[in-house]
Amino acid sequence: MKYRVLLLALLVPALVMFGCQKSEPAPVAKAFTVGLVTDVGGIDDKSFNQGTWEGVVKFAADYGLVKDKDVKYLQSSAEQDYVPNLSTFADEKLDIIIAPGFLFESAMREVALKYTEQKFLIIDMVVTTADGAMIPNIANAVFAEHEGSFLVGVAAGLKAKADGKNTLGFIGGVKFALIEKFQAGFEQGVKAVFPEAKILVDYADSFIDAAKGQALAQKQYNAGAYIIFHAAGATGNGMIKEAKERQEKGQVVWGIGVDKDQYSDGVFGTAGKSAVLTSMMKRVDVAAYDVAKAAKDGTFPGGQVLMFNLKNKGVGIPNENPNLSADIVAKVNEYAAKIGSGEIVVSEIPAQ
């Protein structure tokens, strides 16, 4: 009996002490964070920046991230803003920072080499050190623009031929190798189905001058162009504006969008028709989404070049093309399969 009393006397204080202890709350997991720095075109350029941001927003929605808190962007009004904006997000230690466009090459190199623990994605450019070495904290997403442009060339060539027209146009932003890939693919696609077609070519020397884009479109439409394909960012919005205005006045001409599906940008009149025939889509949204997901999953492809082409559906035309006939879409898909399989190899060098 004495032993039972002694045991109880020893246990009661221990039980009281245990009961009074407060359980520690489980640590709250830190939300994954993504930052996008736009180029001078802005977040709503209806092209490259906007398409990339849409991929980030979709990623946020799929993984329960809060817009403007866990995912956010900084808009650049001049190239001088690139380094400060990238550095701002790096100082905040975001999980991944995304920069859409080749204009970020030098800024991305500078900031990534300074913030070596920070993960970056650059879209449309491969960034290396001065001696050509890959930088381990940068993932580089590039696209086979010439392959996707071949497809819209096929669509334009077949549409023009069917409608009894023989002149087409191409408007580029700044003339250098990347944009010339669009021109090269478009020319080859047109010539594959309409060898006799004439193709007008102009460069605006800008990606943000819609007025210049409209002026060049006026020049080409006045010279007989029936369909114009642009690879000029916000400058190309001027071409679409010109096509819309002409259609509103009863002149049937067409524009072809770039980077994202620009059909809605070409809508005019009360009937809701669009002056955009189709678009050459660079799936920058997919690139942003996939690399952000890889970073979240612990498989960030730093120091690698990621190619988005026809084989992996990284480029192409929209799933819906109200202004193209079923026959034209079928022919475009036929060429897409041949390019994806390697049966057709598209050159990156323009003919003119």
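Residues numbered from 1 in each chain as written. Predicted model: local features only at pLDDT ≥ 70, side-chain atom pairs only at ≥ 80, totals over all residues. Heavy atoms only, no water.

Trainee: Would you mind going over the environment of isoleucine 256 in detail, with residue names and values included?
Mentor: Tracing the sequence through the fold places isoleucine 256 in strand β9 (residues 254-259). Isoleucine 256 sits in the buried class, given a relative accessible area of 0%. On a C-alpha basis, the gap between isoleucine 256 and methionine 239 in space is 9.2 Å, while along the polypeptide they are 17 residues apart. In this structure, isoleucine 256 is in contact with Val152, Ala156, Phe186, Ile227, Ile228, Phe229, His230, Met239, Leu277, Thr278, Ser279 and Met280, ignoring residues within four places of it in sequence. (Helix = DSSP H or I, 4+ residues; strand = E, 2+ residues; numbered from the N terminus. Buried < 20%, exposed > 50% of the residue type's maximum accessible area, 1.4 Å probe, protein only. Contact = heavy atoms within 4.5 Å.)

Trainee: Provide a residue-level description of unusual backbone geometry, including the pertinent values.
Mentor: We note that aspartate 68 has phi near 75°; this positive angle belongs to a residue other than glycine. Inspection of the secondary structure assignment puts aspartate 68 in the loop between α2 (48-62) and β2 (71-74).

Trainee: Give a detailed account of empty space enclosed by the protein, specifying residues and quantitative values.
Mentor: Using the criterion set out here, one finds one cavity of 30 Å³ or more in the structure. Roughly 40 Å³ of volume is contained in the largest cavity. In terms of lining residues, the largest cavity is bounded by Asp261, Tyr263, Val276, Leu277, Thr278, Ser279, Pro318, Glu320, Asn321 and Pro322. (1 Å grid on protein atoms, 1.4 Å probe; cavity = no way out; pocket = protein on both sides within 12 Å on 5 of 7 lines; lining within 4 Å. Points joined across faces, edges and corners; volume = space filled by probe spheres on them.)

Trainee: Describe the side chain of glutamate 147, listing the residues and the values that go with them.
Mentor: Following the sequence through the fold, glutamate 147 ends up in helix α5 (residues 145-162). Buried glutamate 147, no salt bridge; nearest opposite-charge side chain is lysine 181, N-O distance 8.9 Å. When near neighbours in sequence (up to four residues on either side) are disregarded, glutamate 147 contacts Asn309, Leu310, Val315, Ile339 and Val346. (Lys, Arg positive; Asp, Glu negative; His and termini not counted. Salt bridge = Lys/Arg side-chain N within 4 Å of Asp/Glu carboxyl O.)

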